[in-house]
Amino acid sequence: MHVLVREAESDKIISSPREYQIEIFERAKQKNIIAVLDTGTGKTLIAALLLRHILDQELEDRSTGKTPRVAFFLVDKVALVHQQYEVLKANLDHAVQRIHGNSGGFALTRDFWQKRAEESMVIVCTAEILLSCLHHSFVKMENINLLIFDEAHHTKKNHPYARIIKDFYASLEEGDQRRPRILGMTASPVDAKTDVTSAAAKLEGLLHSEIATVADLSVYARSSINRPTEDILNYAKPSEPFETPLWKKLHKLVGHNDAFRRLFSYSRNCTTELGRWCADRVWKICLTEQEAQKLEAKTEKNFTSGKVQLPIAALDAERTAVREAYQVVAEHSMPTPDRSPFHLSQKVETLIGALERHMDPAEDKCIVFTEQRLTAMLLTDLLKQLTIKLPDIKPGMLLGASTDSGDMGMTLKDQFVTMYQFRTGDINCLFSTSVGEEGIDIPDCNIIIRFDLCKTMIQYVQSRGRARRKDSKFFHMVEFTNQGQVQTIFENEDSEARLRNFYSTLSEDRVITGNDYKIDYFLSREKSLRTYIVPSTRAKLTYKISLTILANFVSTLPRPLDTIYTPDYIIRSVGREFECEVLLPDTSPIKSIVGCRASSKQVAKCAAAFDMCLQLKKKKYLDDYLQSTFTKKLPSMRNAHLAISSKKRAEYPMRTKPEMWSNRGMPEKLFITVLKMTSPEALGKPSRPLAILTRCPLPQIAKFPLFFDQQRTSDIECMPLPGVLEVAPEDIEQMNHFTLKIFDEIFSKEYASAPEKMPYFLVPLKYSHDYDFTGIDGIRAIIDWECLAMLQATPKYLDSENQPDEFFENRFVIDPYDGSRKFYTIRRRPDLKPTDPAPSKVPRKQGARGMKGIPVDIWNFSISLWSRTRSKLVVRSDLPVVEAEYIPLRRNLLDELDQPEDVERRCFLIFETLKISPLPIDIIAMAYNLPAIIYRLETSLIVLELCQSLSLNIRPDLALEAMTKDSDNTEEHSEEQVNIQRGMGKNYERLEFLGDSFLKMSTTIALFSQIPDSNEFQYHVDRMLLICNKNLFNNALDLKLEESVRSKGFNRRIWYPDGLELLRGKQNNSIMGRKGSGRGFHTLADKSIADVCEALIGACYLTSYEQDSFDLAIQAVTKFVNHPNHRMMVYEDYYKAYQVPEWQSAEATAVQREVARQIKEVLGYEFKYPRLLRSAFMHPSYGTIYERIPSYQRLEFLGDALLDIVCVDFLFHRYTGADPQWLTEHKMAMVSNQYLGCLCVSLGLQKHMLSMTGGLQREIAEYVAAIVEARKKAEEEAESANLGRASYARNFWVEVQRPPKALPDIVEAYVGALFVDSGFDYGQVRRFFDTHMRPYFEDMHIYDTFANRHPVTFLANMLQLHFRCANWRLMIREIEVEGAPVGHNQVLCGVIIHGQVREHATAASGRYAKIAAAKKIMNILQGMDVDGYKRAFGCGCSPEEAQSADPLAHTTAV
């Protein structure tokens, strides 16, 4: 603490540069000011804030019936009209119009201006336009509420700025309330060599305003505004200008033509300034075919306007000469330029040398300022020449708008494109005329070269201000020994110094001092200042020290590299007192707080800091020593520890039989369930339904498919019938006999008869599969009692001796000595005898049983006895030979891929040891399906019993899908599945994807509705505690959910009933097998159990989907999160928990109602609470101090979850076969900042945003221009393809620059506000999606490339497809952060290549940790060739290994 006190007493507290912007804004609200601030220091932000303030007042005035007034934003150049219009249009939610001299004569009519005044609240125009209209009285000064003068230093003499004030503003009486407010903006109040004091006084007098400026330059130094270091580039004195041969040749043709005068003059001077090559090159640039036509027209114009009338023949001669000049230039062969004095001047060579020495093309950006447009064009062209050998320099040019005089220039669109290319790095060296100095916003760079020196101090200040990056350089190019040029530089510097000195002499009410000015003095004047002492440590918090403690706390928050976080303070006057709100960065757990009012702004600032520190201490973000608890110390990573923890598994009990089967004893009544096929022909044999009779009624389970030979398939339907079957002991005996006979004769399992131990009974039915069992009258009638009686009365096997031929048709044959051999008989074959050869490809007895040396004939094929026993038999040639069909041994009919062996089935039998069953063939055919049916039935019952225990009435097919884990690593969606269990049906992956999203939404709504005073940070923490895998896992164990997870596929040994005595047949020897498939245990990963919870939530969501109800899914969430913050049982509970806050229901202002009206017009929804809508547009930087409305962050948190579920729902139902990896990646496209930024602009939401972030308005305007241009281009492409403009490609946004994050934020916030205002009506969210979002995503496949650009996916493709590496993966685990509050864990992700961690990163979630780690390793891999990779990482993977693996088999983009 002593150290902190010393720092506070000795050092000035560092404040944000936003303070001076807000202070100027507050002054501008009270009186006319001229904001004198350096280039790039936020004048546009101040203008935007003042415009909003004036327009808000205007709306209030109009609501009371006052005459409408308009605000004017005046500029000096046409190009600036377009630029400022784009900025204001993109950032104001009021109608903005632009008018300039090129708008046409219609601007000079009364009707035109009257219409503009009615339609607009802001007009951007050149000063000449407004001056003219004031003269015509189309516009009256009293009908203007605000005049903004851009580059206000032009206000002098007869400039239109000055005339507007002198002739019209000054004439209004000073106290007139209808006199408009004035805001002047400039980097310097003077733009010529004049006395600063008198010039500033004149400017103030002319504009009826006071200068407001920052005298202390350290304010800029403390911000991101950097002042460059300056230096001089000397070049040798040039030789005298001369005429090149091309110049002379052209001069003979058109030298007397006045239209060419400037070109000849420039070309001659160019020999000295740029060199011989450029002097000739200028003709190639300026005398193209198009330009020649313009010069020809200009020649004709000059000819006809001359005082002396000449014959037409003379005009024809002049025009011919122009065409000949063009031909001469076109045919002139330009030499390849080299860096020799013969081609280039010493000045150009010095410029090129400076670029080589000082500019790193990969990192730096440079602007070279020239006086003339042709110079900029020539230098741009020169640097593109390969022989200059500057391959990494990407030159471009920025010129002013072309004029009627024929000067070559650029359109506004071209200027925007150039600035965008400069920002993105497609241009890294920009040659600009003065258009780049003043007004037009150019992206920041770090090298400025004045090829032509500044003529005025303001030129010097403005061009230097373009170098805003750290370690910037500013170069003046000076002719060696030219003292005049050196003197010009010194004069500009001296003028600026005198200007700064002048600022320091201004009175306190003119200078922006910041809120720390004389802070000790104002604190000493305050009578009572609060203090706080920590009881345990006696650490003391005071007003003064709170500023330092808060600054230190903010410095510990997570932040990007090279970024310094500081608190921001917004101060406003309230009567005679001041009130301050402190704003902390987005990563802070508490975002803002309004302090107690004070008598001075300095004390108000301290009060806000003090109150914020108290809150941080209360929430334990400051410890007992008043130090931040955010200090992070990450543990070192160890491969083994990381690998083990990321694959944590354990062995758990596994239910193999449903609880229902435990209900045993002799039954008196049974419930019947019909087992029938929807496509019985798929069997290839006649069949009929069977029924299963149980002591308790079976629930309805979903149909499921069985797969037969030759790609035939049929669904099995298990149909519980209503009613009860009363049974007598003899009925039980018959059913038990039939059931045991099925197990014995078909499946070779002979059980002791114990009907009281049977879990179920099987019976044949009378009717066919297509019979309508729902309409039966009495269930007893459908059972084939005759068949049961016949089987009970018939011997176990039929006698085959002395039987007629018909007896051998359609019989079921059993080999009592080999249970694997079963046959269907076809017919008797009198033409064959037992000693005839047997088909060779039909499977013989198991292990061949000593068949070596035995003839392969029908006799030996039919007898499966061992050779010693067989030898005792006498071959009987009198036995009939029967043609038969071998029945392959296949039990898992659930598996589509499990095809039987390619064996011959046709065979021939004799009945020496084989037996014929009395079971009818149609029963046998159906009974062969029983293993798959019983397995699926038991599996479904186990799952449904779990759902019943959870009180979740889930649709049976969805319940089974949610509980099915069909491989050891099902939870790793995109990895190659290990030990896959075939035939289990769908696994939980897709339902987990859906359930995860609903879980996020439901917990988000619960937190939002129950904890209204929380902040976004705390919401994320609280939600993480609810939905994290650890919480779901622990609650699942408490519910014993893990026992019912279906992790084992069909097993032919364990589908039989348990608890019976096996007399004959194979025991289930796999009970003690390695995989534990029958011993009641299975191994599950922790994440698998948590994933199943989410899948069950997804199953609940779909179960009630058709009823448009979330209630079942909500109950599942409550069950699995098991937390006081989510006790909801039905959807209505969410809104019941929400208490409408006072700020939301308070009376709306006129501007808030106007915003709601505009939103209704565009989006069709009418807000009941306009203040709630206003909150959706409150950027965190704006604070709550002005309108007492919170920022959009809470609504953004809510809207993010709502958009997530609505997009997931769309993808899930639209792409029913897509895997979770594909769904996740394409969902990322739908909710990406890039798309939501585009959507924001298309809906015009950004116009309503309130912000105090400097530069944000410009960023938004540039993004709006780029996205609008991209859509226009897409529409034009559609039109050119004869598709119509409305059929444009909806993915036009993917290649556009990333939007400012505020734009996607306000889309999410708007959706959150829509949801809350509608009383939590999710239907409104769906309508928003269907109307405004869905049209972009009707074809999701156009976003495949965008999805694959995800950093993690990109890394996967880079490693596997480019470097051919198969041995890598991403590992993640949660880690605790030392010193952080409980619940503030981070996720650690490591990139492991060939067993070693090569890079790692941490983040708040696994998703962002993976992204960060992927980006870090890609920085290492970029530029590395395949051989370099193999050497660096010891990679010996073969191309075949890499090619055989899935590129996404090691990671996921989520």
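Residues numbered from 1 in each chain as written. Predicted model: local features only at pLDDT ≥ 70, side-chain atom pairs only at ≥ 80, totals over all residues. Heavy atoms only, no water.

A tally of helices and strands in the protein yields 50 helices and 36 strands. Among the 1454 residues that make up the protein, the fraction classed as buried is 57%. In the protein, 73% of the contacts between residues at least 6 apart in sequence involve partners at least 24 apart. Accessible surface computed for the protein: about 61700 Å², of which carbon and sulfur atoms make up 50%. (Helix = DSSP H or I, 4+ residues; strand = E, 2+ residues; numbered from the N terminus. Buried < 20%, exposed > 50% of the residue type's maximum accessible area, 1.4 Å probe, protein only. Contact = heavy atoms within 4.5 Å. Areas by Shrake-Rupley, 256 points an atom, 1.4 Å probe, with all protein chains shown as cover.)

Here we come to the pairing of strand 28 (residues 822-828). Two elements, strand 27 (residues 812-814) and strand 28, share three bridges in a ladder whose sense is antiparallel. Counted as the bridge partner of Ile814 is Lys822 from strand 28. As defined by bridge partners, strand 28 adjoins strand 29 (residues 882-886) across five bridges and the pair is classed as antiparallel. Residue pairing for strand 29: Arg828 is matched across the bridge by Val882. (Pairing = 2+ DSSP bridges.)

For side chains of opposite charge, pairing can occur when their charged atoms come near one another. With the rule as written, the count across this model stands at 68 salt bridges. Here Arg955 ties to Asp957 by a salt bridge, and the two come within 2.8 Å at their closest N and O atoms. Judged by relative accessible area, Arg955 falls into the partly exposed class, the value being 38%. According to the relative accessible area criterion, Asp957 is partly exposed, its value standing at 30%. Salt-bridge contacts for Asp1317 lead to Lys1168; the nearest nitrogen and oxygen are separated by 4.0 Å. (Salt bridge = Lys/Arg side-chain N within 4 Å of Asp/Glu carboxyl O.)

One key point about sheets: their strands pair by backbone hydrogen bonds, in either a parallel or an antiparallel sense. Taken together, the seven strands give an open sheet; going across it, the order is 3-4-2-5-6-1-7, and neighbouring strands pair in parallel fashion. Unpaired on one side and paired on the other, strand 3 (96-99) and strand 7 (210-213) mark the two borders of the sheet. Direction aside, the axes of adjacent strands within the sheet are offset by 20 degrees on average. Of the pairings in the sheet, the one linking strand 2 (residues 70-75) to strand 5 (residues 144-150) comprises five bridges and is parallel in character. Bridged to Phe72 within strand 5 is Leu147. Lying over the sheet, helix 4 (residues 78-91) contacts strand 2, strand 3, strand 4 (122-126) and strand 5, oriented at roughly 175 degrees with respect to strand 3. (Axes fitted to C-alpha atoms, helices over the stretch in contact; angles between N-to-C directions.)

Where helix 44 (residues 1302-1317) meets helix 45 (residues 1322-1333), the closest approach of the two axes is 8 Å, and the angle between their N-to-C directions is 140 degrees. Comparing the axis directions of helix 44 and helix 45 gives the class oblique. Crossing of helix 44 against helix 45: the hand is right-handed. Judged by residue contacts, Tyr1310, Val1311, Leu1314 and Phe1315 of helix 44 engage Tyr1322, Gln1324, Val1325 and Phe1328 from helix 45. Taken together, the residues of the contact of helix 44 with helix 45 sort by class into seven nonpolar, one polar and no charged. (Parallel < 35°, antiparallel > 145°, perpendicular 65-115°, else oblique. Left-handed = near helix turned anticlockwise from the far one by under 90°. Nonpolar A, V, L, I, M, F, W, Y, C, P; charged D, E, K, R; others polar.)

The subject of this paragraph is the confidence of the model for the protein. Here the protein averages 82 in pLDDT, while 85% of its residues score no lower than 70. pLDDT under 50 marks residues 632-646. Its contacts with residues more than four places away, or in other chains, come to 26 contacts. (pLDDT = per-residue confidence, 0-100.)

Another aspect to go through is the nonpolar core. Counting residues in each nonpolar core, the largest one holds 255 residues, and the members touching the most others are Leu1041, Trp1293 and Tyr1310. In terms of residue count, the dominant contributor to this core is helix 40 (residues 1193-1214) (13 residues). In terms of nonpolar packing, the next biggest core, distinct from the first, is built from 112 residues, Ile123, Val348, Ile388 and Phe431 among them. (Core = buried A, V, L, I, M, F, W, Y, C linked by side-chain atoms within 4.5 Å.)

Here the focus is the pairing of strand 6 (residues 181-186). Of all six residues in strand 6, five are buried, a share of seventy percent or more. Bridging between strand 1 (residues 33-36) and strand 6 involves four bridges; their strand directions are parallel. Looking across to strand 6, one finds that Ile34 is bridged to Gly184. As judged from the five bridges shared by strand 5 and strand 6, these two strands associate in the parallel manner. Residue pairing for strand 6: Phe149 is matched across the bridge by Gly184.

Structural remark: α-helix, 3.6 residues per turn; residues separated by three or four positions point the same way. With respect to burial, helix 30 (residues 956-963) is a largely interior element, seven of its eight residues being buried. Turning to helix 30, its buried residues are Pro956, Leu958, Ala959, Leu960, Glu961, Ala962 and Met963. Elements that come into contact with the buried residues of helix 30 comprise helix 29 (930-949), helix 31 (989-1010) and helix 34 (1086-1103).

Looking now at the packing of aromatic side chains. Summed over the entire model, instances satisfying the criterion amount to 51 aromatic pairs. Each ring, one from Tyr543 and one from Phe610, has its centre 5.3 Å from the other, and the planes form 45 degrees; the classification is tilted. Taken as a pair, Tyr543 in helix 21 (residues 543-555) and Phe610 in helix 22 (residues 601-618) lie far apart in primary sequence, 67 residues in all. Between Phe808 and Phe911 the ring centres are 5.8 Å apart and the planes differ by 25 degrees, which places this aromatic pair in the stacked class. Placement of Phe808 in the loop between helix 25 (785-793) and strand 27 and of Phe911 in the loop between strand 30 (906-909) and strand 31 (915-917) is noted, with a sequence separation of 103 residues between them. Residues Phe808 and Phe911 agree in their burial class; the two are buried. (Phe/Tyr/Trp six-rings, centres within 6.5 Å; stacked < 30°, edge-to-face > 60°.)

Right, let's talk about the environment of Thr1253 for a bit. One can find Thr1253 in the loop between helix 42 (1233-1243) and helix 43 (1256-1280). C-alpha separation for the pair Thr1253 and Leu45, spaced 1208 residues apart in sequence, amounts to 7.4 Å.

Moving on, we get to the sheet that holds strand 16 (residues 568-574). Taken in spatial order, the three strands of this open sheet run 16-17-18, and their pairing is antiparallel. Taken across any chain shown, the strands that pair with only one partner, and hence form the sheet edges, are strand 16 and strand 18 (592-594). Across the sheet, the axes of successive neighbouring strands diverge by a mean angle of 15 degrees, strand direction being ignored. As paired strands, strand 16 and strand 17 (residues 577-583) are joined by seven bridges and run antiparallel to one another.

This part covers unusual backbone geometry. Backbone geometry places Glu151, a non-glycine residue, at a positive phi of 50 degrees. As for its placement among the helices and strands, Glu151 is situated in the loop between strand 5 and helix 7 (160-169). What makes Glu151 buried here is its relative accessible area of 6%. A positive phi angle, near 50 degrees, is found at His208, a position not held by glycine. Here His208 lies in the loop between helix 8 (196-207) and strand 7. For His208, a relative accessible area of 34% gives the class partly exposed.

Applying the stated rule across the entire model yields zero disulfides. Here Cys1240 is not disulfide-linked; the sulfur of Cys1238 is the nearest cysteine sulfur, at 9.7 Å. (Disulfide = S-S within 2.5 Å.)

What follows covers the environment of Glu118. Positionally, Glu118 belongs in helix 5 (residues 110-119). Under the relative-accessibility criterion, Glu118 is labelled exposed at 61%. Through-space distance from the C-alpha of Glu118 to that of Arg69 is 9.2 Å; in sequence the pair is 49 residues apart.

Buried residues dominate helix 35 (residues 1111-1121), accounting for eight of its 11 residues. Within the span of helix 35, buried status applies to Leu1112, Ala1113, Ile1114, Ala1116, Val1117, Thr1118, Phe1120 and Val1121. Looking one or two residues past helix 35, Asn1122 carries a phi angle of roughly 45 degrees, positive in sign.

Attention now moves to the packing of helix 29 against helix 30. Contact geometry for helix 29 and helix 30: axes closest at 9 Å, N-to-C directions at 90 degrees. Classified by the interaxial angle, the pair formed by helix 29 and helix 30 is roughly perpendicular. Between helix 29 and helix 30, the residues in contact are Arg936, Thr939, Ser940, Val943, Leu944, Leu946 and Cys947 and Pro956, Ala959, Leu960 and Met963, respectively. A per-class count over the contact of helix 29 with helix 30 returns eight nonpolar, two polar and one charged.

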